[in-house]
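An overview of the molecular structure
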Amino acid sequence: EASAPGKIILFGEHFVVKGYRAIATSTSLRARVSVEEAGEPGIVIESENFNIKGYLNLNLEGNVPRELLVYVEILRALRERGFSLIPHRARVKSHMPISAGLGSSASTSVAYALAYTALHGDPLKGRDLLEVSLEGEKVAHGRPSGIDNTIAALGGTIVYRRGEEPLKVEANIPGGYAFLIVDTGVKRSTRDAVEYALRVAESFWEIASLIYEAADRIVGEALKALKTGDMKTLGSLMYVNHGLLNAIGVSHGKLDAIVDEARKHGALGAKLTGAGWGGCAIILAAETAVGDLAEKISRHAVSVEKAKINVEGATIDYSSL
Ligand code: PMV
């Protein structure tokens, strides 16, 4: 079995697709994939969350529901890297809400690639794990920046720019502060939101580039605030980042209501996280304000949870063997 963490994007989602920087941190909600060699002649992939199964022969042909095609692409990428395809049964389970911006597709992709290659006695590492899991992300997201599978593989907190080595970030969150993850319950497609934002940006790039540039500057300032533990500045930057995401058209009425409510009730910062158009928002607040905030915000949300962030990356658990 292998597992990989989900994530929240603290700053820079969407802007990262066009090569600007973003900051992501891992969360304690993980995806788990178990893989066992099977007597049957082919491959069976089961998703507990969707309650569906896919069947493939060793030429990767068969009957696979759309939601499981990511795993077929991962097997194809592994075959290209010289891994033989062996009959097996894989069980995939994500312990985070799906299509909510918390990284479930990336963490299941990373966990599957790791569990399958561990079965071969040669678990993927480093760049190989990132490249193979990105093939899964392409099926799920179209034009992924690579930030989601990178944070799922590495864990911790990272600053990411497309095409460059991700850098680990020192995240000093002083005691007495909490991040809340607020799920609007509105499901949306990352692929559609990303395509929309790209169309908006490209239709008036002379102005939009200033928005993208501002988002990148926010990342620069946020890195300093994370290092020094300056939560007041970090929070203010979150509000501005939300405004920029709204400007490129990826917010949603519920997300805006959550951010407004957070501002009204004393949160240090709030923004949408991930692709937007629904999914989740994050809030930074003093611990003492959390109870009141959660109550005020709950009418716009299906859940408000305190996040445990900056956790371990992808791992293999051999104990079930
Ligand atoms: O899948 P989500 O909702 O976590 O969004 C991923 C982040 C985006 O920046 C919107 C897309 C990307 O590939 O970076």
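Residues numbered from 1 in each chain as written. Predicted model: local features only at pLDDT ≥ 70, side-chain atom pairs only at ≥ 80, totals over all residues. Heavy atoms only, no water.

1. A word on the overall build of the protein
Test applied: The numbering of helices and of strands both runs from the N terminus, where a helix is a DSSP run of H or I of at least 4 residues and a strand a run of E of at least 2. All radius of gyration figures rest on C-alpha atoms, and the globule criterion is 2.2 Å times the number of residues raised to 0.38. Contacts between residues were defined by any pair of non-hydrogen atoms, one from each residue, lying within 4.5 Å. Accessible areas in this description were obtained via Shrake-Rupley with a 1.4 Å probe; residue shielding takes into account the shown protein chains only. Only four residue types enter the tally: Lys and Arg on the positive side, Asp and Glu on the negative side; His and the chain ends are excluded. Each charge is placed at NZ for Lys, CZ for Arg, CG for Asp and CD for Glu.
Scanning the protein from terminus to terminus reveals nine helices and 13 strands. Taking 2.2 N^0.38 as the reference for a compact globule, 321 residues should give roughly 20 Å; the C-alpha atoms of the protein span a radius of gyration of 20 Å, in line with that estimate. By principal-axis analysis of the C-alpha atoms, the protein measures approximately 60 × 45 × 35 Å. For the protein, the share of sequence-separated contacts (at least 6 apart) that also reach a separation of at least 24 residues comes to 72%. Of the accessible surface of the protein, which amounts to about 13,300 Å², a share of 50% is contributed by carbon and sulfur atoms. Treating the 36 positive side-chain charges of the protein as one cloud and the 38 negative ones as another, the clouds have centres 3 Å apart.

2. Some points on the packing of helix α2 (residues 104–119) against helix α4 (residues 147–154)
Operational definition: Inter-axis angles, ranging from 0 to 180 degrees, are taken between N-to-C directions of lines fitted to C-alpha atoms, where helices are fitted over the stretch in contact. If an angle is under 35 degrees, it is roughly parallel; if it is over 145, roughly antiparallel; if it lies from 65 to 115, roughly perpendicular; otherwise it is oblique. Note: crossing handedness is left-handed where the near helix turns anticlockwise from the far helix by less than a right angle, and right-handed where it turns clockwise. Side-chain classes follow a simple rule in which Ala, Val, Leu, Ile, Met, Phe, Trp, Tyr, Cys and Pro form the nonpolar group, Asp, Glu, Lys and Arg form the charged group, and the remainder, Gly included, forms the polar group.
Contact pair α2 / α4: the axes reach a minimum separation of 8 Å and the direction vectors enclose 55°. The angle between α2 and α4 places the two elements in the oblique class. Our pair here, α2 against α4, has a crossing hand that is right-handed. Touching Ala106, Ser107 and Val110 of α2 are Asp148, Asn149, Ala152 and Ala153, all from α4. Looking at side-chain class alone, the contact of α2 with α4 contains four nonpolar, two polar and one charged residues.

3. Things to note about the packing of aromatic side chains
Applied cut-off: Planes of paired rings set the category: under 30 degrees apart is stacked, over 60 is edge-to-face and the rest tilted, where pairs are Phe, Tyr or Trp rings (Trp by its six-membered ring) whose centres lie within 6.5 Å. Relative accessibility under 20% of the residue-type maximum defines a buried residue, over 50% an exposed one, and the middle range a partly exposed one, all with a 1.4 Å probe and only protein chains included. Two conditions define a charge located above a ring, namely a distance within 6 Å from the ring centre to NZ of Lys or CZ of Arg, and an angle within 35 degrees of the ring normal.
What the rule picks out here adds up to six aromatic pairs. Aromatic pair Phe15 and Tyr212: ring centres 4.8 Å apart, planes at 90°, arrangement edge-to-face. Here Tyr212 lies in helix α6 (residues 205–228) and Phe15 lies in the loop between β1 (2–11) and β2 (22–37), a separation of 197 residues in the sequence. Residue classification places Tyr212 among the buried residues on the basis of a relative accessible area of 0%. Here a set of aromatic residues connected by ring pairs shows up, and it is made of Phe15, Tyr20, Trp205 and Tyr212. For Arg263, the ring lying beneath its charged end belongs to Tyr239, and the centroid distance is 4.2 Å.

4. Topic: the side chain of Thr25
As a reminder of what qualifies: Throughout this description, a polar contact denotes any pair of N or O atoms lying within 3.5 Å of each other; where both atoms belong to protein, one of them has to be capable of donating a hydrogen while the other can accept it, and for residues adjacent in sequence the pair is counted only when both atoms sit in side chains.
With respect to the secondary-structure elements, Thr25 resides in strand β2. Within polar-contact distance, the side chain of Thr25 engages the backbone oxygen of Gly156 at 3.5 Å.

5. Some remarks on the layout of surface pockets
The criterion, for reference: Here a cavity means grid points, on a 1 Å grid over the protein atoms only, where a 1.4 Å probe fits yet cannot get out; a pocket means an open set of points with protein on both sides within 12 Å along at least five of seven lines; lining residues are those with an atom within 4 Å of a point. Grid points are joined across faces, edges and corners, and a volume is the space filled by probe spheres set on the points.
For the largest pocket, the calculated volume is near 920 Å³. Along the walls of the largest pocket sit 45 residues, with Ser99, Ser105, Ala140, His141 and Thr190 positioned nearest its centre. The set of elements that each furnish at least two residues to the lining of the largest pocket consists of β1, α1 (69–80), β6 (88–94), α2, α3 (126–141), α4 and α5 (190–203). Here the lining of the largest pocket takes four residues from α3, the largest share from any one element. Among the residues making up the lining of the largest pocket, the classes are represented as 19 nonpolar, 17 polar and nine charged.

6. Points about the site of the ligand
To be explicit about the condition: Only a single heavy atom is needed: when it lies within 4 Å of a molecule or strand, its residue is near that molecule or strand.
Lys7, His14, Ser145, Arg188 and Ala275 are the nearest of the 17 residues found near the ligand. The separation between an oxygen atom of the ligand and a polar side-chain atom of Lys7 is 2.4 Å. Within the contact set of the ligand, an oxygen atom lies 3.4 Å away from a backbone nitrogen or oxygen of Gly101. With the chains in place, 97% of the 380 Å² that the ligand exposes on its own is no longer accessible. Counting residues per element, the ones that place at least two in the shell around the ligand are β1, α4 and α5. For the shell around the ligand, the per-class residue count stands at seven nonpolar, six polar and four charged.

7. Thoughts on α6
So the rule is basically this: An expected span of 1.5 Å times one less than the residue number is assigned to each helix.
Taking 1.5 Å as the rise per residue, α6 with 24 residues should run 34 Å; its terminal C-alpha atoms sit 34 Å apart, in good agreement. When we look at burial in α6, the residues that qualify are Ala208, Ser209, Ile211, Tyr212, Ala215, Asp216, Ile218, Val219, Gly220, Ala222, Ala225 and Leu226. Where α6 ends, the next residue or the one after it, Gly229, has phi of about 75°, a positive value.

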